[in-house]
Amino acid sequence: MEATEFDASLGGTENLPITANSFKFAASRSIEITAMTESILRPNKTKLIFQSLPVHMRRRVMSHNCKRLPRRLREGHMEQLKKSGLPPKQKRPSRKYRRRPANLLAEYTRRQRRVTWLETHIWHAKRFHMTERWGFRLAHRPCDKAFRACYRATSAHCLLQDISYFVPILIKGSIESIENMFSLLCSKTCGLGVTAKAFISGNRAGSLNIFKPQSYPFGFIGKVEFQWVYTNEIPELLIFVHPSQIKEVEASFSSIILSEDSKLLKDSKRIKLSHNLSDISINVLYGQFNRFRLTGPKSHAILTHSLKTVNTIKLSSEWVSKTKNFDLYLQEKHEYWSNISNLSSPSQLPSRIVIGLIVKDPRWSRPKKRTKAEAVISPTNIEILRNLPKYAPSSPLWHTNVREIIKKNIITNGKFIEHVTKTHSVPGETNEDDPALQNIPVVLIQRPGSQNSTYKKIGYGSGWDIILPSGYGLPFWLTFIMFGARPGGLRETEHLSHEKGETYLCPDSVSGTLEEERIELQLKEHYFKRPPSKRVNFIKLGILSPFRCPWMILLRDWSSCACDNFFILRETNIINELQNCLNRKTPIITSFPNENSCLVAVYLQTEGKGLIKDHAIICMPNFGDFKSNKVLQEPQHEDKNSKIRKEKRLEHRKLLKKIRRAQIKLKKKLTEKITKPKTKSKEPSEYVKSMRDLWLKSFDSVRHACVRQTMGYVTKGAFSFTEAKGCAVGYIAFNALKYLIDSKFNKILVRNTTSNKYSVANIQLINNI
Amino acid sequence: MGDEINSKRKQDQQQNIQKRRPNKNYALKKRLPLRPKEGDNVIFITKKTNFKAQLDKCCDLLTKGEKDIILHGLGAAIQRCCNLALQVEALFAGTCQIEVNTGTVDLVDDLEPITDDLEFGAQVRHSSSIHIRIFRTALLGAN
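From a predicted model like this one, the values you see are computed outputs, not experimental measurements.

## A look at the overall build of chain A
- When you go through chain A residue by residue, the secondary structure sums to 26 helices and 20 strands.
- The C-alpha radius of gyration of chain A comes to 35 Å, more than 25% above the 27 Å expected for a compact globule of 769 residues.
- Over its C-alpha atoms, taken along the principal directions, chain A stretches across nearly 135 × 80 × 70 Å.
- Looking at chain A as a whole, 48% of its 769 residues are labelled buried.
- In chain A, the share of contacts with a sequence separation of at least 24, taken over all contacts with a separation of at least 6, comes to 77%.
- Of the roughly 42200 Å² that chain A leaves accessible, carbon and sulfur atoms contribute 54%.
- With 125 positive and 68 negative side-chain charges, chain A shows a separation of 10 Å between the mean positions of the two kinds.

Laid out in structure tokens, this is it:
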């Protein structure tokens, strides 16, 4: 038989089409094409990438060291390694390589990209536990367990902290317009304003509570420290803002100025009546100054030892020539500084005085060994302490060009040592008046500490703040350290405010809320890391929110109406009156608006034994609670969730078993290993989340949760070394305080979150919030 | 020992401060008093510190070979200072003697303005003081 042909022209059956549609042609083969390209790109072979290389390109231990592969294949190779479960090993460069100056510097700049470092960062990083806070990398606590030593430093020696993270803002403009601007931001009832006569001369620094524009008493932003500085005839206002509040402060400043401008456009008539703020200019001076905080009586001795004032200054010195028409008062200041140098504590000086000094390079005055600076006490003329000289606050540090020149002419440590070895033939002898090293203007601000002996011992927490030009942080820091100052971190700041009985980041401000959130997260994580048998069952103890204080719910419970915002009472007069009422057990007469959404800051001291810890609840006593000797106890609450938790756990265990069994079956069937994708996500599973919810009860009322009514919460409680007993700072609802005074009590009950015992504590209102 | 009186006084202190206030426009803030010469053997007696602790400190200093210790008391702490010195003398029966000096110390108070149109002020207040030197008359081994 003849073989049949395929083509029609040869007598077959198939006809060729006249035209070929290339698009259709490709489309019908698209699946094939994709399959092919995919198989080329990602070969489904059992071979690894380096095995597929031609022989001449193969190298020894290629799989181990990916650098022996051609660069284009490395990525795929790493992928394969990851899949096979081997951790991809990337060799860390040798220490020698990493420590090369250029590489080290590159590494430091890389690490500073996300967070800002202070000038003393590297010094701190070697000795401190560092944390990230407010966009900075800050020292939290020293590595040596120096908690008590740091306290001792504040009360008897000197604690040194780098607080350069405070942001300086310079406000220029006429005094009236600045006054007008701040009248929108703060209230007259909270204390002296910025333009008070006491501050305007620049002799004294002040502090001020700032609120969002025209929202007093709500919308608290924070406490800022300010001082007036003179670079010419017109004073400028310099404020130091905490970095957690800087955004809000900037926003409210700009909103005030912008709204004024828009008003200016709308009607020109009103401007004459209202204030004109357009002449105000605001300048944020990031990183222009260093600010160190010295706390404790010996801080004065440390400063007098390390700051050597200059008598005369040569005009040839570069920055001095820029300030020709600015009187430096060198001789007078030198005399004043030597007159007050023999004091035993900074709290013997006028409170909050500002002294501008011009000092020699601090590296000259360093002792060879770390020695404690002791004050040489000799009788001081009391007139010097009473009056403060007019020339004291003036300082060339506030001139921008002076700061620039100083920064440019800094002599680094390396150059300094080179200079000393070259010029000083007798080792150990120093020539303090060496013209090669420039003199540095610094500004000192005194902090009075406690001024009320009934509250805290007089002078506790007193010290100096020193403002330095940028670049000179470390030389000064090291000199202070060599004179016996003890360095501290953020923990010490918190601890000091607790010891002084002051509030730290108030909960009615955004910064305070953020801090609360951070602490809550930290505590929750810690709590749920423990096994269930080791967890405190807060439901049984009747503690509703052990990690965070529910202010809004508390206030709603104590007032008839619901409020959507709250504030802390800051009016000194009212607080004083309330304190008097509390002492004398007389009913409150004063009243003020928004009583229902008001919290009052209180300082608690336990009577007898017992410690108050963070987040403890402050409770209203009943009649007869103080008379009986028996310790009042909270009865155990029923934990309805425990049954549900048990059921849920069993159910979950069953489910897990089921899954495991199915997997084993599958394995046997397929015989080949199934690699389960190892996903280690930090997000806990649904089951874990629901179980966590069952450990902490949700609630919508706190007042009557326990046998005694809840008045408020403690934010910071611990053993206080100054009082030698458990002390705490907390807040109570104003209506609760009213109730307390009406029922003629001046003591309250406190219960820790992990205890069922109520302990008795004395209550005092905090006045200087 | 006078502690009962002290505690009673403490309650009235708030009122006392208001009495001492010279003007309604100022708040009176206290400063730390100037100190005489400091040293290891100088003790400043306070009302707040535990009496027993202060007594122990004095005894420790004397038994450890200090030739003399000096106690300073100011204002309301004078009584306690005397008490302490007498107690120490009784404890070291016959081996110690007391030398007492009295004087006046100038204290500076800050006057913080309450209204915006006032300057800071300062006032000098006088307070009586007592300086007691306790010194050993017999040798160490005698005790």
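Next comes the rest of the description.
## Re the pairing of strand S1 (residues 128–133) of chain A
Residues and elements named next belong to chain A.
- Pairing geometry for S1 and strand S2 (residues 136–142), over 6 bridges, is antiparallel. Residue pairing for S2: His 129 is matched across the bridge by Arg 141.
- The turn linking S1 back onto S2 is made up of 2 residues, and Trp 134 within it adopts a positive phi angle of 55°.

## Observations regarding the UniProt feature "domain: POPLD" (unreviewed entry) in chain A
- In this numbering, the UniProt entry assigns the feature "domain: POPLD" (unreviewed entry) to residues 463–551 of chain A.
- Between the first and last C-alpha atoms of residues 463–551 of chain A the distance is 34 Å; the span itself is 51% helix and 11% strand.

## Structural notes on the pattern of salt bridges
- What the rule picks out here adds up to 33 salt bridges over all chains.
- When the shortest N-O distance is used, the salt bridge between Glu 248 of chain A and Lys 212 of chain A registers 3.6 Å. Placement of the pair is Glu 248 of chain A in helix H10 (residues 246–266) and Lys 212 of chain A in the loop between strand S5 (206–211) and strand S6 (220–230), with a sequence separation of 36 residues.
- For Arg 31 of chain B, the salt bridge is made with Asp 110 of chain B, and the minimal N-O distance between the two is 2.9 Å. Of this pair, Arg 31 of chain B sits in the loop between strand S1 (26–30) and strand S2 (42–44) while Asp 110 of chain B sits in strand S4 (residues 96–113), and the two are 79 residues apart along the sequence. Accessibility classification places Arg 31 of chain B together with Asp 110 of chain B in one group, the buried group.
- Here the salt bridges do not stand alone but share partners, grouping Glu 225, Arg 291, Arg 293, Arg 447 and Asp 465 of chain A into one network.

## Concerning the interface of chain A and chain B
- The interface is formed by 31 residues belonging to chain A together with 29 residues belonging to chain B.
- Contact between chain A and chain B buries roughly 2800 Å² in total, counting both sides, with carbon and sulfur atoms accounting for 53%.
- Considering only the side of chain A, the residues that lose the most area to chain B are Ile 382, Arg 386 and Gln 451 of chain A, jointly responsible for 20% of the buried surface there.
- The tally of links from chain A across to chain B stands at 1 salt bridge.
- Of the charged contacts, one joins Lys 48 of chain B and Glu 723 of chain A as a salt bridge, the two residues approaching to 3.3 Å between their closest N and O atoms.
- Our count for the chain A to chain B interface comes out at 10 residue pairs in polar contact (both at pLDDT 80 or more).
- Counting only elements with at least two residues in the side of chain A that touches chain B, the list comes to helix H9 (197–200), helix H15 (382–386) and helix H23 (572–584) of chain A.
- Taken together, the residues that form the side of chain A that touches chain B break down as 11 nonpolar, 13 polar and 7 charged.

## Points about the confidence of the model for chain B
- Here chain B averages 81 in pLDDT, and 81% of its residues register 70 or above.
- The complex prediction reports pTM at 0.82, with the ipTM value standing at 0.82.

## Observations concerning the domain arrangement of chain A
Residues and elements named next belong to chain A.
- The domains assigned to chain A are domain 1 (29–91), domain 2 (167–284), domain 3 (289–418 + 436–498) and domain 4 (510–638 + 698–765).
- Computed over C-alpha atoms only, the centres of domain 3 and domain 4 are separated by 42 Å.
- Summed over both sides, the interface between domain 3 and domain 4 buries roughly 820 Å², with carbon and sulfur atoms accounting for 55% of that surface.
- A per-residue breakdown of the area domain 3 buries against domain 4 is headed by Tyr 455, Lys 456 and His 498, which together make up 71% of the total.
- Here Glu 723 makes a salt bridge to Lys 456, at a shortest N to O gap of 3.4 Å.
- Taken together, the connections running from domain 3 to domain 4 amount to 5 residue pairs in polar contact (both at pLDDT 80 or more).
- Residue composition of the side of domain 3 that touches domain 4, by class: 2 nonpolar, 3 polar and 2 charged.

## Description of the nonpolar core
All names here are of chain A.
- One finds Leu 604, Met 711, Leu 737 and Ile 748 to be the most contacted residues of the largest nonpolar core, which totals 72 residues.
- The element contributing the most residues to this core is strand S15 (residues 598–606), with 7 residues.
- The residues that make up this core include at least three from each of domain 2 (167–284) and domain 4 (510–638 + 698–765).
- If you look at the next biggest cluster of nonpolar residues, it comprises 48 residues, including Cys 158, Ala 301, Phe 326 and Tyr 472.

Conventions adopted
Residues numbered from 1 in each chain as written. Chains lettered and ligands numbered in written order. Predicted model: local features only at pLDDT ≥ 70, side-chain atom pairs only at ≥ 80, totals over all residues. Heavy atoms only, no water. Helix = DSSP H or I, 4+ residues; strand = E, 2+ residues; numbered from the N terminus. Rg over C-alpha atoms; globule rule 2.2 N^0.38 Å. Buried < 20%, exposed > 50% of the residue type's maximum accessible area, 1.4 Å probe, protein only. Contact = heavy atoms within 4.5 Å. Areas by Shrake-Rupley, 256 points an atom, 1.4 Å probe, with all protein chains shown as cover. Lys, Arg positive; Asp, Glu negative; His and termini not counted. Charge placed at Lys NZ, Arg CZ, Asp CG, Glu CD. Pairing = 2+ DSSP bridges. UniProt positions renumbered as here; feature names shortened; annotations may be inferred. Salt bridge = Lys/Arg side-chain N within 4 Å of Asp/Glu carboxyl O. Buried area = accessible area lost by both parts, 1.4 Å probe. Polar contact = N/O pair within 3.5 Å; in protein donor to acceptor, adjacent residues only side chain to side chain. Nonpolar A, V, L, I, M, F, W, Y, C, P; charged D, E, K, R; others polar. pLDDT = per-residue confidence, 0-100. Domains from an automatic or database assignment. Core = buried A, V, L, I, M, F, W, Y, C linked by side-chain atoms within 4.5 Å.

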